[in-house]
Amino acid sequence: MSNLSSSVSDTTSAAIEPPLNRFYRTVWRWHFYAGLFVIPFMLILAITGSIYLFKPQLDAVMYRPLMVVQPTVVMLPYVQQLTAVQQAYRDALVTKFTPNVAPERSAEVTLTTPDGQNLTVFVNPYTGQVLGDRNEDHNFQAQIREIHGELLMGRLGDTLVELAACWGLVLLITGLYLWLPRRNGFSVWGTLLPRLGSKSRRVFWRDLHAVSGFYGALLIGFLILTGLPWSGFWGETFAQVWNRFPAQMFDNYPQSTILTGALNQKGTQTVPWAVEQLPMPKSEPGHQHGEKAELPNSSHAERSATAVNLDEVIAVAQSNAAPAGFSVSFPTDETGVYTVSAFPDDPTQEMTLHIDQYSSQVLTDIRWHDYGLVPKAVEMGIAVHMGKYFGLPNQLLMLFACLILVLLCVSGLVMWWRRRPSKRLGAP
Amino acid sequence: MPAYAQQWRVPTAIVAVLGIIFPLVGVSLVAVLLLDYFVISRIPPLRRILN
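Treat the numbers as computed from the prediction; the structure is a model and nothing was measured.

A. Focus on the confidence of the model for chain A. All names here are of chain A. Counting all residues, the mean pLDDT for chain A is 84, and 86% of those residues have values of 70 or more. A low-confidence stretch, residues 1-15 stays under pLDDT 50, and its non-local contacts, those more than four residues away or across chains, total 21 contacts. In this model, residues 289-305 is a region of pLDDT below 50 whose contacts with residues beyond four sequence positions or in other chains number 36 contacts.

B. Region of interest: the pairing of strand β4 (residues 130-135) of chain A. Residue and element names in this part refer to chain A. Sheet topology places strand β3 (residues 118-123) next to β4; five bridges connect them, and they run antiparallel. Bridge pairing links L119 to N135 in β4. What sits between β3 and β4 in their antiparallel hairpin is a turn of six residues, with G128 showing a positive phi close to 75 degrees.

C. The arrangement of the pattern of salt bridges in detail. All names here are of chain A. If you walk through the whole model with that rule in mind, you get six salt bridges over all chains. Of the charged contacts, one joins K55 and D59 as a salt bridge, the two residues approaching to 2.7 Å between their closest N and O atoms. Residue K55 and its partner D59 are located together in helix α2 (residues 55-62), separated by four residues, close to a single helical turn. The exposure class of K55 is partly exposed, given its relative accessible area of 23%. The exposure class assigned to D59 is buried, which follows from its relative accessible area of 8%. With a closest N to O distance of 2.6 Å, R195 and D207 form a salt bridge. Separated by twelve residues along the polypeptide, R195 in the loop between α6 (154-179) and α7 (201-227) and D207 in helix α7 bring together distant segments of the chain.

D. Local environment of the packing of aromatic side chains. Residue and element names in this part refer to chain A. Following the criterion strictly, the structure yields 18 aromatic pairs over all chains and no others. Taken together, a centroid distance of 6.4 Å and an interplanar angle of 80 degrees make the contact between Y389 and F390 edge-to-face. The class for F390 is partly exposed, based on a relative accessible area of 39%. Through pairs of rings, three or more aromatic residues link up here, namely W28, F32, Y33, W416 and W417.

Parameters and conventions
Residues numbered from 1 in each chain as written. Chains lettered and ligands numbered in written order. Predicted model: local features only at pLDDT ≥ 70, side-chain atom pairs only at ≥ 80, totals over all residues. Heavy atoms only, no water. pLDDT = per-residue confidence, 0-100. Contact = heavy atoms within 4.5 Å. Pairing = 2+ DSSP bridges. Helix = DSSP H or I, 4+ residues; strand = E, 2+ residues; numbered from the N terminus. Salt bridge = Lys/Arg side-chain N within 4 Å of Asp/Glu carboxyl O. Buried < 20%, exposed > 50% of the residue type's maximum accessible area, 1.4 Å probe, protein only. Phe/Tyr/Trp six-rings, centres within 6.5 Å; stacked < 30°, edge-to-face > 60°.

Okay, here's the thing in structure tokens:
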């Protein structure tokens, strides 16, 4: 198409326009209107995204007194750490236990209080001292994540973000078309290098938009594509299509209708995306464990004392080479299972174990090599999207993408504002 | 077939593919086109603003 572009006349007012010019103008108009719609969303996504990117560092600063402890030689059994928390939060329902990741870190217990608050309670694994709690629905990063994912509007916000993200892709494609050098052949200026010194403000803003858009297109396209699997409509469908695990994997165990993804509550991620569609197996009360556990082992007072306790579950996890940072989700009823899941920075280390709460038998064990090609790509994409995969350079690269996105939004707006018909709003 | 029809083929195909891969794009695209055809192009003041 670009070989024809040299014949395109400069006057657009001519009654008979060359078809390509008409087409160019159509693309331009779609780019313009889609841009107006997408800009507010993209600004929000870029700003919240660049904050959430640095969650590890920010958490370490904000919650230092809760997260860091003075290590001693002997660590308390996990069951005792849990009991300490349960005594401090009577009547709360414990949903998850995360053993301390490193010697100087505290253990984390996630629980729901009788009045419905979701708290993470931090406990010193050496002394059993409860260090404090953090509300999982109302802390800074949870709010940021919720704005990023659904604009604090639930399902509607989720759809709006998804719509804006999809249209963001359309903008990238139409933008690249508009960027293609037209007329007078190719020039580095205005395509690969911005004419920032130009006396024309219009050229200045146009170049700022087009040139940075060209460089940012790949990164932003990547962010959109890797973010979409989380979305409610497209992502949900995508997950159902690609996250099928071979049925014989679960032949031996009864399955419940609950999916593993139910463990991922709003704002906090417990299990990897790739296993969200995996049905939870059921524990079988008949298969009792040999030895009797002495200590109260979970939040459910009615649970029989013959059930497996937390120490045993963690021993099973460790014998299955669970990477540091794994969490143990508790069964929610008599047929529920313990779920050991790890969602480390390196997605190839991800694992999800469902463990029978009576026999401590591992019912399902899903790891990286069990994922199909598409879930692997998605998990890898998510790790890079979240700036986890290759450390600080990864975070900075994604921050750079966010900055380009903000620059595109702002320069796009400025261009429209400067060129709008005088004294009224409208398309230039 | 007029010459410009040729020019429309590839872009239309791209739009169609996008609309199918991302149904939200497809649905909103059709919605905008319908709105354009049935409402905006028939109400002159609106038409002037959005030209």
